[in-house]
Amino acid sequence: MPRQESNVINDIFEYIRRTNTPPTEWYVGIAEDPQARLFDGHGVNKDVDYWIYRECITADAARRVELYVITHYQTDGGSGGGSDVSRFVYAYKKERHTREA
């Protein structure tokens, strides 16, 4: 279910906080298909790595959330990716086996 921007930001930040890892060790992005992007694109291990995604109401809202998290929490990531239908914001803890490009 799509969520308000502030709820998505809070969900992602709270998840990161609960892992006891600094936000600087995380990557944030947007995608139309977050599972494909996380597990196929970035190489996140679904069973052992830390990861989260949330659906925003619009692609523009997802871009605003992405930029906010990157800017305010100093996560890795680059705004401007995704497409006009990328309504999901995802985050994962970077590991040796993940690909951030």
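To be clear, the structure that these remarks concern was listed above.
Residues numbered from 1 in each chain as written. Predicted model: local features only at pLDDT ≥ 70, side-chain atom pairs only at ≥ 80, totals over all residues. Heavy atoms only, no water.

J.: I keep staring at the environment of histidine 42 and nothing clicks. Help me out?
T.: Positionally, histidine 42 belongs in the loop between helix H2 (34–41) and strand S2 (51–55). Assessed through its relative accessible area of 0%, histidine 42 is described here as buried. Along the backbone, histidine 42 and lysine 94 are 52 residues apart, and their C-alpha atoms lie at a distance of 9.3 Å. Those residues in contact with histidine 42, other than ones at most four positions away along the chain, are Tyr27, Arg37, Tyr90, Tyr92, His97, Thr98, Arg99, Glu100 and Ala101. For histidine 42, the side chain forms a polar contact with the side chain of tyrosine 90, separated by 2.7 Å. Among the polar contacts listed, one links the side chain of histidine 42 to the side chain of tyrosine 92, at a separation of 3.0 Å. (Helix = DSSP H or I, 4+ residues; strand = E, 2+ residues; numbered from the N terminus. Buried < 20%, exposed > 50% of the residue type's maximum accessible area, 1.4 Å probe, protein only. Contact = heavy atoms within 4.5 Å. Polar contact = N/O pair within 3.5 Å; in protein donor to acceptor, adjacent residues only side chain to side chain.)

J.: Which parts of the structure should I look at to understand H2?
T.: In an α-helix, one turn spans 3.6 residues, which is why side chains three or four residues apart end up on the same side. Within the span of H2, buried status applies to Pro34, Leu38 and Phe39. The buried residues of H2 occupy an angular sector of 95° when projected down its axis, which confines them to one face. Those residues of H2 that are buried are in contact with strand S1 (26–31), S2 and strand S3 (88–93). Within two residues after H2, glycine 43 carries a phi angle of roughly 75°, on the positive side. (Arc of directions from axis to C-beta.)

J.: What's the story with helix H3 (residues 59–73) in this structure? I'm lost.
T.: Between the first and last C-alpha of H3 there are 21 Å, a value that for 15 residues agrees with the 21 Å anticipated at 1.5 Å per step. All buried positions along H3 are accounted for by Ala59, Ala61, Ala62, Val65, Glu66, Val69 and Ile70. Along the long axis of H3, the arc covered by the buried residues comes to 165°, so they all point the same way. Buried-residue contacts for H3 involve helix H1 (5–18), S1 and S3. At the exit of H3 stands glutamine 74, carrying a positive phi of roughly 55°. (Expected span 1.5 Å × (residues − 1).)

J.: Any chance you could explain the packing of aromatic side chains here in plain terms?
T.: Aromatic rings in a pair are described by how distant their centres are and how their planes are angled relative to each other. One pass over the full model with this rule turns up 10 aromatic pairs. Relative to tryptophan 26, the ring of tyrosine 15 lies with its centre 5.9 Å away and its plane at 90°, an arrangement referred to as edge-to-face. Taken together, the residues span a long stretch of sequence, with tyrosine 15 in helix H1 and tryptophan 26 in strand S1 at a distance of 11 residues. Take tyrosine 15: its relative accessible area is 19%, and that puts it in the buried class. (Phe/Tyr/Trp six-rings, centres within 6.5 Å; stacked < 30°, edge-to-face > 60°.)

On their own, these measurements won't tell you what the molecule is for.
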